[in-house]
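Summary of the model geometry
Here is how the chains run, residue by residue.
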Amino acid sequence: EMPIDDLIKNQIQLNSLKIAEEETYSTLDSSGNISINIISNAQVEAPEIFGSPVFEQDGFKVWCLGYGKDVYDNNAINFYAENSTDKDVAVMIDNFSANGFVINASDSQYVFSEKKAFFDMEIFKSYLEENSITDITDIQFKVNVVNISDDDYGTICESDYIDVKF
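Heads up: these notes are all about the structure in this document. Note that the structure is a prediction, hence the values are computed from the model and not measured.

Conventions we followed
- Residues numbered from 1 in each chain as written.
- Predicted model: local features only at pLDDT ≥ 70, side-chain atom pairs only at ≥ 80, totals over all residues.
- Heavy atoms only, no water.
- Phe/Tyr/Trp six-rings, centres within 6.5 Å; stacked < 30°, edge-to-face > 60°.
- Helix = DSSP H or I, 4+ residues; strand = E, 2+ residues; numbered from the N terminus.
- Buried < 20%, exposed > 50% of the residue type's maximum accessible area, 1.4 Å probe, protein only.
- Lys NZ or Arg CZ within 6 Å of the ring centre and 35° of its normal.
- Core = buried A, V, L, I, M, F, W, Y, C linked by side-chain atoms within 4.5 Å.
- Contact = heavy atoms within 4.5 Å.
- Polar contact = N/O pair within 3.5 Å; in protein donor to acceptor, adjacent residues only side chain to side chain.

Tallied over the full model, the rule gives 7 aromatic pairs. Their ring planes at 55° and their centres at 5.4 Å tell us that tryptophan 63 and tyrosine 80 sit as a pair that is tilted. Taken as a pair, tryptophan 63 in strand β6 (residues 60-69) and tyrosine 80 in strand β7 (residues 75-83) lie far apart in primary sequence, 17 residues in all. Residue tryptophan 63 is classed as buried on the basis of its relative accessible area of 5%. Taken together, Trp63, Tyr80 and Phe118 form an aromatic cluster joined through their ring pairs. Over the face of the ring belonging to tyrosine 161 we find lysine 142, whose NZ or CZ atom lies 4.7 Å from the ring centre.

This next bit is on the nonpolar core. Core analysis: the largest hydrophobic core is formed by 29 residues, its most contacted members being Ile77, Phe79, Val91, Phe96, Ile139, Phe141 and Val143. Mapped by element, the contributors of at least two residues to this core are β6, β7, β8 (89-98), β11 (116-123), β12 (138-147) and β14 (162-165). Ranked by the residues each element gives to this core, the list is headed by β8, at 5 residues. Apart from residues no more than four positions distant in its own chain, phenylalanine 141 is found in contact with Val54, Cys64, Phe79, Ile93, Asp94, Asn95, Phe96, Asp160, Tyr161, Ile162 and Val164.

With respect to the helices and strands, aspartate 88 occurs in the loop between β7 and β8. Contacts of aspartate 88, omitting those with residues within four sequence positions, involve Val111, Phe112, Ser113, Val146, Asn147, Ile148 and Ser149. Within the structure, the side chain of aspartate 88 is placed 2.9 Å from the backbone nitrogen of serine 113, a separation counted as a polar contact.

When you line up the elements, asparagine 147 lands in strand β12. For asparagine 147, a relative accessible area of 9% corresponds to the buried category. In this structure, the C-alpha to C-alpha distance between asparagine 147 and cysteine 157, residues 10 residues apart in sequence, is 9.5 Å. Beyond its immediate sequence surroundings of up to four residues, asparagine 147 is in contact with Lys87, Asp88, Tyr153, Gly154 and Ile156. In this structure the side chain of asparagine 147 is engaged in a polar contact, spanning 2.9 Å, whose partner is the backbone nitrogen of serine 149.

Set out below in C-alpha cells:
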C-alpha cells in the first residue's frame, strides 16, 4: 500500500471560507485555514446517469447536466467536461439562449491535460425577468475549446449550436 504522502500531487491552501449574508454580504461566519489535498491517481468517470455528451470531438467531451438555483437565487446551468488530450484548454460556453431568447451569459472552465471538471454557468435573474422567463425549458449554446498553452489561445475545436431541453 502506498502512503498518502506519495499520492499527493497538489495542495490548495485557503485562508478561510466565509459565509455572507445574502443582501449585505456581511460575514455571518468564517472558518480557519483550509487545506485541500488533490490525489494524483484519483479517477472519476462520468456516471452513466449523465447520459450522452452534448459535444464530443477531438478528445473533448461536454455534458449538460441540467440547471438549478445558486445561493444568490440565480439560475445556473451545470456542465461536466473531459479532456483526454495532452493539451491544457479552456472549454467555453458561448452564444447562449434560453427559451429562444438570447441571454447575456457565457462561461469558460480550464480543463487541463487528461483532466475532468464540473462547472456551472450563472444566469442572472434580471436577464430572465427582462425576457419574461419564469422557467427555463430549453437552451441553445456553442462549445468552443481553446488551447491555453498557446499565446494566441487558438481554437482547437468548436461545435455547431447545441439544443438541450429540460
